[in-house]
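One letter stands for each residue in the lines below.
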Amino acid sequence: MAYTTNFADAARRHLEAANCLFDGEPPCRRRDIAGYLYGIAAECALKDIIRRSIPWQEPERLHFPELKSYVRDIARGRHAGTLRKFAEDGAFMSEWDIAMRYAAKKDIANLQVERWRVHAQRAVAAMEDC
């Protein structure tokens, strides 16, 4: 089956799922997995903003932290300021890496996940404002 790319829908969906896992009651509370999904939500939000600013750019295969470097290099268009705000924020999604999907649960700290939650919420809100 071929899936259509819709970064905005994916950002909202991953943020919603992450919030459910973050706020859920045990055994459904899985903050380690929520942390992974917050990163995916934030990536999708930035990728949607990139597509709106520079339609010919193809950011699909990029992940944090490389995505932030890419955004710094290509940010232009009417949403350049929004993109740069995230790309130049050293704390934004710091320590999040796509490789964490293979990590041991103990390696994903709750404090990181709480921070990523705020970052993902900010990114999705910025996407909605664009």
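Trainee: Please give an account of the overall build of the chain that cites residues and values.
Mentor: Looking only at helices and strands, the chain features five helices and zero strands. Put simply, the chain runs from its N terminus to its C terminus through helices and strands in the order α-α-α-α-α. For 130 residues, the compact-globule estimate of 2.2 N^0.38 gives 14 Å, and the chain sits close to it at 14 Å. Counting only C-alpha atoms, the chain reaches 45 × 35 × 25 Å along its principal axes. Across the 130 residues of the chain, 45% fall into the buried class. Put simply, of all contacts in the chain between residues at least 6 apart along the chain, 61% involve residues at least 24 apart.

Trainee: For the packing of helix H2 (residues 31-53) against helix H4 (residues 80-87), give the residues involved together with the corresponding values.
Mentor: Running from N to C, H2 and H4 cross one another at 150°; their axes reach a closest spacing of 10 Å. It follows that H2 is roughly antiparallel to H4 by the angle criterion. Once H2 is placed against H4, the crossing between them reads as left-handed. Residues Leu 46, Ile 49, Ile 50 and Ser 53 of H2 form the contact with H4, whose own contacting residues are Ala 80, Thr 82, Leu 83 and Phe 86. Among the residues making up the contact of H2 with H4, the classes are represented as six nonpolar, two polar and no charged.

Trainee: Can you break down helix H1 (residues 7-23) residue by residue, with the values?
Mentor: Since there are 3.6 residues in each turn of an α-helix, residues three or four apart along the chain are aligned in direction. For H1, spanning 17 residues, the distance from its first C-alpha to its last is 24 Å, which sits close to the expected 24 Å at 1.5 Å a residue. Of the surrounding secondary structure, the elements contacted by the buried residues of H1 are H2 and helix H5 (110-129). Of the residues flanking the start of H1, the one acting as N-cap is Asn 6, its side-chain oxygen 3.3 Å from the backbone nitrogen of Ala 8.

Conventions we followed
Residues numbered from 1 in each chain as written. Predicted model: local features only at pLDDT ≥ 70, side-chain atom pairs only at ≥ 80, totals over all residues. Heavy atoms only, no water. Helix = DSSP H or I, 4+ residues; strand = E, 2+ residues; numbered from the N terminus. Rg over C-alpha atoms; globule rule 2.2 N^0.38 Å. Buried < 20%, exposed > 50% of the residue type's maximum accessible area, 1.4 Å probe, protein only. Contact = heavy atoms within 4.5 Å. Axes fitted to C-alpha atoms, helices over the stretch in contact; angles between N-to-C directions. Parallel < 35°, antiparallel > 145°, perpendicular 65-115°, else oblique. Left-handed = near helix turned anticlockwise from the far one by under 90°. Nonpolar A, V, L, I, M, F, W, Y, C, P; charged D, E, K, R; others polar. Expected span 1.5 Å × (residues − 1). Polar contact = N/O pair within 3.5 Å; in protein donor to acceptor, adjacent residues only side chain to side chain.

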